[in-house]
Amino acid sequence: MSADTYLELVNGGVTGTLAKKLGLPRPTPLRRFTPGQALVDGPVLVLGPGKDADTLARYLSGTDDAGAGWDLDVRRHADEGTRFAAAVLVLTEVEHPQDLSAPLLALSAVLKTLARHGRIITVSRPARDDQAPALAAARQGVDGALRSLAKELRGGATGNGLVVADGVPVDAPAVLGGLRFLLSSRSAYVDGQLLAIDSEAGALPEDWDRPLAGRVAVVTGAARGIGAAIADTLARDGATVIAVDVPAAGEALTAVANRVGGTALQLDVTAKDAGERLLRHALDRHGRLDIVVHNAGITRDKLLANMTPEKWESVLAVNIAAQLRINEALLTSGELTDAPRIVSLASTSGIAGNRGQTNYAASKGGVIGMVRATAPLLAPFGGTANAVAPGFIETEMTARMPTLTRQVARRLSSLQQGGQPVDVAEAVAFLASPPAGGIVGQVLRVCGQAMVGR
Ligand code: NAD
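What you are looking at is a predicted structure, and each value in this text was computed from that prediction instead of being measured.

What's the story with the sheet that holds strand E11 (residues 341-345) in this structure? I'm lost.
For sheets, the rule is that strands pair by backbone hydrogen bonds, running either parallel or antiparallel. The strand order across the open sheet formed by 7 strands is E9-E8-E7-E10-E11-E12-E13, and the pairing between neighbours is parallel. Strand pairing shows two members of the sheet lacking a second neighbour, strand E9 (263-266) and strand E13 (443-446), which therefore form its edges. Sheet twist, expressed as the mean angle between neighbouring strand axes with direction ignored, is 20 degrees. As judged from the 4 bridges shared by strand E12 (residues 384-390) and E13, these two strands associate in the parallel manner. Residue pairing in the sheet places Ala 387 in a bridge with Val 443 of E13. Sheet strands touched by helix H8 (residues 250-259): strand E8 (240-245) and E9. Its angle to E9, the strand with the most contacts, is close to 155 degrees.

What is the right way to read the site of the ligand from this model?
The ligand sits among 27 residues. The nearest are Arg 224, Asp 245, Asn 295, Tyr 360 and Thr 395. Residue Asp 245 places a side-chain N or O atom 2.6 Å away from an oxygen atom belonging to the ligand. Alone, the ligand offers 830 Å² of accessible surface; in the complex the protein occludes 93% of this. Mapped by element, the contributors of at least two residues to the shell around the ligand are helix H7 (225-236), helix H12 (358-378) and helix H13 (396-399). Considered class by class, the residues forming the shell around the ligand number 15 nonpolar, 8 polar and 4 charged.

What exactly am I supposed to notice about the packing of H7 against helix H15 (residues 421-432) here?
Axes are the key here: two packed helices are described by the angle between their axes and the distance separating the axes. Viewed as axis vectors pointing N to C, H7 and H15 meet at an angle of 50 degrees, and their least axial separation amounts to 8 Å. Classed by the angle they form, the pair H7 and H15 counts as oblique. The hand of the H7/H15 crossing is right-handed. Contacts from Gly 225, Ile 226, Ala 229, Ile 230, Thr 233, Leu 234 and Arg 236 of H7 reach H15 at Pro 421, Val 422, Val 424, Ala 425, Glu 426, Val 428 and Ala 429. Partitioning the contact of H7 with H15 into residue classes produces 10 nonpolar, 2 polar and 2 charged.

Got a minute to help me understand the pattern of salt bridges in this structure?
Close approach of charged atoms allows side chains of opposite charge to pair. As enumerated under the stated definition, the model contains 22 salt bridges in all. Asp 41 is the salt-bridge partner of Arg 31, the closest N and O atoms lying 3.1 Å from each other. With Arg 31 in the loop between helix H2 (13-21) and strand E1 (44-47) and Asp 41 in the loop between H2 and E1, this residue pair connects regions lying 10 residues apart in the sequence. For Arg 31, a relative accessible area of 24% translates into the label partly exposed. Among the charged side chains, a network of salt bridges with common partners joins Asp 4, Glu 394, Arg 410 and Arg 411.

I keep staring at the confidence of the model for the protein chain and nothing clicks. Help me out?
Reading predicted coordinates in detail is not appropriate for stretches of low pLDDT. Mean pLDDT for the protein chain: 94, with 98% of residues reaching 70 or above. The weakest mean pLDDT in the protein chain belongs to H2 at 69; the strongest belongs to E8 at 99.

Looking at this structure, I do not really get unusual backbone geometry. What am I missing?
For residues besides glycine, phi is generally negative; the peptide bonds are generally trans as well. For His 117, which is not glycine, the phi dihedral falls at a positive 60 degrees. Here His 117 lies in the loop between helix H4 (101-111) and strand E4 (119-124). A positive phi is found at Gln 416, a non-glycine position, where the angle reads about 55 degrees. Looking at the secondary structure, you find Gln 416 in the loop between helix H14 (403-411) and H15.

In this structure, what is going on with the domain arrangement of the protein chain? I would like to understand it.
Interfaces are often sized by the amount of accessible area the parts lose when they come together. The domains assigned to the protein chain are domain 1 (39-197) and domain 2 (216-446). On a C-alpha basis, the centroid separation for the pair domain 1 and domain 2 is 29 Å. In this assembly, 20 residues from domain 1 lie in contact with 22 residues from domain 2. In total, about 1,700 Å² of surface goes out of reach between domain 1 and domain 2, with carbon and sulfur atoms giving 65% of it. In terms of surface lost to domain 2, no three residues of domain 1 exceed Arg 186, Tyr 189 and Leu 195, which account for 42% of the buried area on that side. A salt bridge links Arg 186 to Glu 426; its shortest N-O distance comes to 3.8 Å. If you look at where domain 1 meets domain 2, you find 4 residue pairs in polar contact (both at pLDDT 80 or more). Breaking the side of domain 1 that touches domain 2 down by element, the ones donating at least two residues are helix H5 (133-152), helix H6 (173-183) and strand E6 (194-197). Here the residues of the side of domain 1 that touches domain 2 are counted per class, giving 11 nonpolar, 5 polar and 4 charged.

Got a minute to help me understand a nonpolar patch on the surface in this structure?
Taken together, the side chains of Leu 404, Val 408, Leu 412 and Met 451 define a hydrophobic patch exposed on the protein surface, amounting to about 400 Å² of accessible area. Residue placement: Met 451 occurs in the segment after E13.

In this structure, what is going on with the packing of aromatic side chains? I would like to understand it.
To describe a pair of aromatic rings, you give the distance between the ring centres and the angle between the ring planes. Enumeration according to the criterion identifies 3 aromatic pairs in this entry. Aromatic side chains Tyr 59 and Trp 70 sit 5.1 Å apart centroid to centroid with 85 degrees between the ring planes, which places their arrangement in the edge-to-face category. Remark: Trp 70 occurs in the loop between helix H3 (51-61) and strand E2 (74-75) and Tyr 59 occurs in helix H3; sequence separation between them is 11 residues. With relative accessibility at 3%, the residue Tyr 59 sits in the buried group. Seen from their ring centres, Phe 181 and Phe 430 are 4.7 Å apart, and the 5 degrees between their planes marks the pair as stacked. One end of the pair, Phe 181, is in helix H6; the other, Phe 430, is in helix H15, with 249 residues separating them in the sequence. Both residues of the pair, Phe 181 and Phe 430, count as buried. An aromatic cluster is built from Tyr 59, Trp 70 and Trp 208, whose rings are joined through pairwise contacts. Lying over the aromatic face of Phe 33, Arg 186 brings its terminal NZ or CZ to 4.1 Å of the ring centre.

The rules behind each value
- Residues numbered from 1 in each chain as written.
- Predicted model: local features only at pLDDT ≥ 70, side-chain atom pairs only at ≥ 80, totals over all residues.
- Heavy atoms only, no water.
- Pairing = 2+ DSSP bridges.
- Helix = DSSP H or I, 4+ residues; strand = E, 2+ residues; numbered from the N terminus.
- Axes fitted to C-alpha atoms, helices over the stretch in contact; angles between N-to-C directions.
- Contact = heavy atoms within 4.5 Å.
- Near = heavy atom within 4 Å.
- Polar contact = N/O pair within 3.5 Å; in protein donor to acceptor, adjacent residues only side chain to side chain.
- Areas by Shrake-Rupley, 256 points an atom, 1.4 Å probe, with all protein chains shown as cover.
- Nonpolar A, V, L, I, M, F, W, Y, C, P; charged D, E, K, R; others polar.
- Parallel < 35°, antiparallel > 145°, perpendicular 65-115°, else oblique.
- Left-handed = near helix turned anticlockwise from the far one by under 90°.
- Salt bridge = Lys/Arg side-chain N within 4 Å of Asp/Glu carboxyl O.
- Buried < 20%, exposed > 50% of the residue type's maximum accessible area, 1.4 Å probe, protein only.
- pLDDT = per-residue confidence, 0-100.
- Domains from an automatic or database assignment.
- Buried area = accessible area lost by both parts, 1.4 Å probe.
- Patch = residues over 30% accessible without salt bridge, like charges linked within 9 Å, V, L, I, M, F, W, Y side chains within 5 Å.
- Phe/Tyr/Trp six-rings, centres within 6.5 Å; stacked < 30°, edge-to-face > 60°.
- Lys NZ or Arg CZ within 6 Å of the ring centre and 35° of its normal.

Structure below.
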């Protein structure tokens, strides 16, 4: 993996001063999660016109019984003298675009002094075609304002939103879990995203630091890169991990499995019986299977004009056909019945398209379609299927890009840098966690608000 030398230079002493004088972009190194870290480092402003804001303020401050343990320093009024670490805008009760003025203008007063790595989070309801036009305008307005605000933030701060379906209370598990994820440094590279919450399903964990305790997870492509980080992160959160990769990566795979206290399974995911073998390993060695992370993926980039059948077919086989076949085997086995979670790796290329990647984007667009259609099949068991779409992540896959393309790709996001494998892993761990039960068939982008796609 190649280091981001530019990021280091513009944050160095002499070179940093020079970069400032030259007016060069100066990305801030992001703060990542370490166990024991405070959820938020400073006061949290909760703004909003209705009772939902009161409910969330009570929860965050720990004065609500159910919120015991969060104990954040919650304030209800913007005050220019305070350096806020985060602001939560509860906009669930807006009815007209004019209702957005007061909370957003109140927020404006604190932005200049927002702490480094600050967090702005909107909580709103979805706009729908069957609503009164003014209501739909107000709700869709939140989307536009949030995405724009995220582009204005500096100092490693991020802006994201939760869009909570009508009828789902704001203290539903997925809202609270989502808030906690977005407030924390686990979401360091998630920026400019609005995540839909569809239902009250899900459960609050007994221990927010080990939400996956007692769960057994399979991670494919776990020998290196993003997959290895996912294995580490799920294990840190309490899961028992089965690390899967091709036999050729056997040594690295064993090292990962040993590091996380899990087991290794050498398996090519394109094998016809991959699903059955995964399941047998999980049941024989660990007695159950709860979480499946489809991370194994390959690129074979070529313009379509120069594409070979081998390059096209191998990418489709690993990145989508294998996931479909494995899911089918698991779903028909009748063994995944206790709130199972499937999380698949998509890509911003599958959303926005990318020159030279028709095969890859077909497979990653396919992943997005697949999780949407798979989610209803898991719903009867309290299960979910979702996708995580990474943007530019610093791995061996991206280290193979030409130097100039790589440098440019890193800067083309609001956070002006590439993400780390752990950033993707944190999003996967969140979607695999019990509180995320109300998030179904969604695509969570981990891209630093990349300028491509929506
Ligand atoms: P990587 O190439 O570093 O690692 C991929 C792993 O998958 C390797 O260990 C490889 O051996 C394994 N693998 C490949 N084919 C397999 C097969 N048939 N069976 C079992 N294992 C197999 O890639 P990465 O950058 O860590 O990417 C991980 C996932 O994230 C992929 O699905 C990729 O498409 C996606 N992604 C990555 C980026 C990025 O910027 N790195 C961006 C978007 C999406």
